[in-house]
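Coordinate inspection notes
Here's the letter readout for the chains.
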Amino acid sequence: MQLDDALAYSRYARRLIGANPALRDELDATLDRAFDWGTARAAIEAVAAAPGAADAVGPALRSLRARVMLHTIARDLTGRAALPEVCAAVTTLAEVAIDAAASAVRRDLVDRHGEPFGGETGAPQPLVVVGMGKLGGAELNVSSDIDLVFAYPEEGETGGARAISNREFFERLGRRMNTVLSDVTADGFVFRVDMRLRPDGEAGPLALPFSGLETYFVTQGRAWERYAWLKARAITGVAQRDLDALVAPFVFRKYLDYDAYDGLRDVHRQIRAEAARRGAEDDVKLGPGGIREIEFAVQAQQIVRGGREPALRVRNTREALRVLAERDCLPEAAAAMLDRAYVFLRDTEHRLQYRDDEQTQSLPVDPDDLGALARSMRFEDAGAFRTALDAHRREAGRQFESVFGGADRDEADASDGAWSRLWESPSGEDAGVAKLAAAGYEDPRGLLGMLERARAGARYATLPALSRERYDQLVPRMLATAAAHPGPAGAQATFMRLYSLLDAVARRSAYLALIIEHPPLLPRLATLMGASAWAADYLTRRPLLLDELLDARLLLQEPDWNAWRSELARMLAEHAGDAEREMDALRHFQHAQSFRLLAQDLAGQLTVERLADHLSALADVVLEATLAACWRHLAGAGAPAPRFAVIGYGKLGGKELGYASDLDIVFVYDVDPDDPDADATLARHSKLAQRMNTWLTSNTSAGQLYDTDLRLRPDGAKGLIASSLPAFRRYQREQAWTWEHQALTRARFCAGDPAIGVAFEAEREAILRLPRDRAKLAEDVVAMRRRMHEGHPNPTALFDLKHDAGGMVDIEFAVQYLVLAHAHDHPRLTGNLGNIALLRIAGEIGLVDAPLAQRVADAYREFRRTQHAVRLTGAAHARVEPEAQAERRGDVVALWTGVFGAPWRAQAGDRA
């Protein structure tokens, strides 16, 4: 659109030029560049600082508004400015106007009454103008009201001869400032001002002290006000962080806050009802799929998650969409679709307002006006414009419904009727028994008895009213869902696992709201819990992980170890300096990633080996982040990284970690041989090791990270918690037992100083390659194998996959012997490659029969797979019927006999 066409479209622009033809000359000269705010701001500040400013600032601001609006309209309609520039221009105008009006009026009041001072600190008190709504989000439209709240830090009084209270001072200031901004003269106005978002609305005081604002939030703040204060921004008076300290505890809860949905839904229901009453179907703001619904969909996610993820506490809608997509709170495609719809709707809104400078969002009824609007949006005709508009609104409305429940939630409500009677009256009547039996429940009468006892119990009776209402909704749904998705456990076991979760979170209404608000969640829960008792228990003890089930796409996404590092670093940075919250962030991260792996495992996406690789990598990421965080707290944020490393042994070292595995770790640090203060260096690194172990093992409100075992360090439990690299080297060469060298075959550098990692790996290889007396070595290994078996007796007739003869420990010990006995001649054996790869190498170089080695490697893989499957059932021991494993056990015993000469079990006289 050319400039003349743009001016022809906007009757308001033509009126401005008609009243002041010089504006056209200025427009022609400045059209190709953004508005010059530096010059404009300086000119307004000069007016506000001059004598008589209270009277002069209004005309100056109205003149500025005319220039800004004409310039913005022309640049937008001619394609020179996109939405961000338009919103920024109007927002900056508001900020400049508020600051100038407040400054001019304050100076006049101070001349009369003196400066207002705080009663507690004695400091001069500023007027804090809080921008709400689109002003707070820096996204004002071109004919927008500005929503303001006035506050001041402290009560007190002014210091002049005609002293008044601070409240009176700031209320007078606010009223006069609003008059400057909103008075309509022959030159128009600056902004319409809306003060109804202040505490108690129009009935409340015009200005409040911070203490009054805080008291209101705690005692009277309503759900819809959390939504309103989400966008609160300090325009004048204090730094944003000072306002956030006051507002954030009201807007955001510490954890995921699905209770917020009901409040937001009520607000939106009222808005839709009002829109329907006014016939606002063609209102691009209030109608279905309009601007307001996009804002609600975004703000709902922010309020729900912003307590746990401070990065979501942004005020601008498009910026919030970007962050939500980055944090995987919205799929990227959905966020991009909402952003496109938002831009289209806001552009449409602006063009509606450009026409006559009216605050309207309704499409014109007149065909000629609708055609002009379509052309201003770069469409050939109104039909093409309506097609595009309807498509955007349809997509936005669909996303809104997905956030707030919509049709799926209604269907879930409707489906409960058939099951509700079983919960409302679980008396064991024949009809109820028959229904449960037909649905696949194994013991209907037992189940009905349990439900009857639960309903009559004190725990249910003492639930808060809202929690009991949600509980009553969920029990029937869970009965239906367990019948539809019984899983390997069967309908009744699956329901009991679901019910255990419900009972565990019954008093935490946000979790109940989460399940109700997202109907697809229950089938996912049932599938997971029906597949594994261990997984059901894991989730019941960590209900915060329910949030992970919301997005199946993310839940089953292939893990990215580098992305893990970035995400954890970001989470910790958000709580930098707060040890308690950093520890919680580590736990939230580790639990969430473990749960995602568990879901992929149960879905059959991961082999046992690949799962162990991911769990071991996850531990490495957590160890690295924990080490860095502990060091920052000990040495300061800017301190050089410590010459310190974490060495993993056992399952961590061998990359065979399971979900509940301990971490066998050793702390090693490097020292300067000429260090004059070696004792202080030792103390510093010992303190770091102790701090790190505490961070890993402590139970916080978010749970625990890992159990650790530090007994593999030099001198075991009696030794120092951290060893210098030279001391570690001396111990391994001069004092270590054979079993400690066995453990070294599975050791690796996990976290910390890479240089120490390189030095450790070199020392490990050198120690493994030391020449040894093979007979003495075999004697030591067999003796240790017997002692280990004595510590894990199996009183059953079942085969213990790990500890019994012919099981996993036999394979591991045989491989460790082969490494220690032959690495001197065969360096390939020193690689930390895992038992299967090392068996293959041993067969290739002729240390054992190659076909037998392959069969034993296959047996080890099958033992691990079976052990993992048994553990997922919740069993304490991985014990199975021996017949199915007899052939594999025979191969393992044959390998052991070939390596050591005789089975250790026969030598020890143990049970067959």
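Only a predicted model underlies this, so the values are computations on that prediction, with no experimental measurement involved.

So, on to the nonpolar core. Of all hydrophobic cores here, the largest spans 134 residues; its most connected members are Trp229, Leu479, Phe495, Leu525, Phe644 and Phe667. At 13 residues, helix H31 (residues 608-635) tops the list of elements feeding residues into this core. By size, the runner-up hydrophobic cluster in this structure holds 96 residues, among which are Met177, Val298, Leu338 and Leu363.

On to the packing of helix H21 (residues 444-456) against helix H24 (residues 491-504). At a minimum axis separation of 11 Å, H21 and H24 run at an interaxial angle of 15°. Classed by the angle they form, the pair H21 and H24 counts as roughly parallel. The two elements H21 and H24 meet at a crossing, and its hand is left-handed. Counted together, Pro444, Leu447, Met450, Leu451 and Ala454 of H21 and Gln492, Phe495, Met496 and Tyr499 of H24 form the full contact between these two elements. Partitioning the contact of H21 with H24 into residue classes produces eight nonpolar, one polar and no charged.

A word on the packing of aromatic side chains. By the definition in use, this model includes 23 aromatic pairs. Their ring planes at 65° and their centres at 5.8 Å tell us that phenylalanine 799 and phenylalanine 863 sit as a pair that is edge-to-face. Of the two residues, phenylalanine 799 is situated in strand E13 (residues 799-800) and phenylalanine 863 in helix H40 (residues 850-872); the sequence distance between them amounts to 64 residues. Take phenylalanine 799: its relative accessible area is 0%, and that puts it in the buried class. Of the aromatic side chains, those joined through ring pairs into one cluster are Trp419, Trp423, Tyr441, Tyr460, Tyr471, Phe495 and Tyr499. The ring of tryptophan 423 is capped by arginine 455, whose NZ or CZ atom sits 5.0 Å from the centre of that ring. The ring of tyrosine 460 has arginine 468 sitting right over it, with the charged end atom 6.0 Å from the ring centre.

What follows deals with the confidence of the model for the protein. Taken residue by residue, the protein gives an average pLDDT of 92. The fraction at 70 or more is 97%. Of all the helices and strands in the protein, helix H18 (residues 406-415) carries the lowest mean pLDDT, 48, while strand E2 (residues 128-131) carries the highest, 98. Ignoring residues within four places in sequence, the model shows residues 906-912, a span with pLDDT below 50, making 12 contacts including any to other chains.

Let's shift gears to the environment of glycine 752. By the secondary structure assignment, glycine 752 is in strand E12 (residues 748-752). Taking C-alpha positions, glycine 752 is 8.6 Å from alanine 641, a pair spaced 111 residues apart along the chain. Aside from chain neighbours lying at most four places away, what touches glycine 752 is Glu624, Leu627, Phe644 and Ala645.

The element strand E8 (residues 644-649) is extensively covered by neighbouring structure, given that six of its six residues are classed as buried. Residues Phe644, Val646 and Gly648 line one face of E8 and the alternating positions Ala645, Ile647 and Tyr649 line the opposite face, and both faces are buried. Here six bridges tie E8 to strand E9 (residues 663-669), and the two strands are oriented antiparallel to one another. When the bridges of E9 are listed, tyrosine 649 appears paired with aspartate 664. The sheet contact formed by E8 and E12 spans four bridges and is antiparallel. In the strand pairing of E12, alanine 645 is matched with glycine 752.

About the criteria used
- Residues numbered from 1 in each chain as written.
- Predicted model: local features only at pLDDT ≥ 70, side-chain atom pairs only at ≥ 80, totals over all residues.
- Heavy atoms only, no water.
- Core = buried A, V, L, I, M, F, W, Y, C linked by side-chain atoms within 4.5 Å.
- Buried < 20%, exposed > 50% of the residue type's maximum accessible area, 1.4 Å probe, protein only.
- Helix = DSSP H or I, 4+ residues; strand = E, 2+ residues; numbered from the N terminus.
- Axes fitted to C-alpha atoms, helices over the stretch in contact; angles between N-to-C directions.
- Parallel < 35°, antiparallel > 145°, perpendicular 65-115°, else oblique.
- Left-handed = near helix turned anticlockwise from the far one by under 90°.
- Contact = heavy atoms within 4.5 Å.
- Nonpolar A, V, L, I, M, F, W, Y, C, P; charged D, E, K, R; others polar.
- Phe/Tyr/Trp six-rings, centres within 6.5 Å; stacked < 30°, edge-to-face > 60°.
- Lys NZ or Arg CZ within 6 Å of the ring centre and 35° of its normal.
- pLDDT = per-residue confidence, 0-100.
- Pairing = 2+ DSSP bridges.

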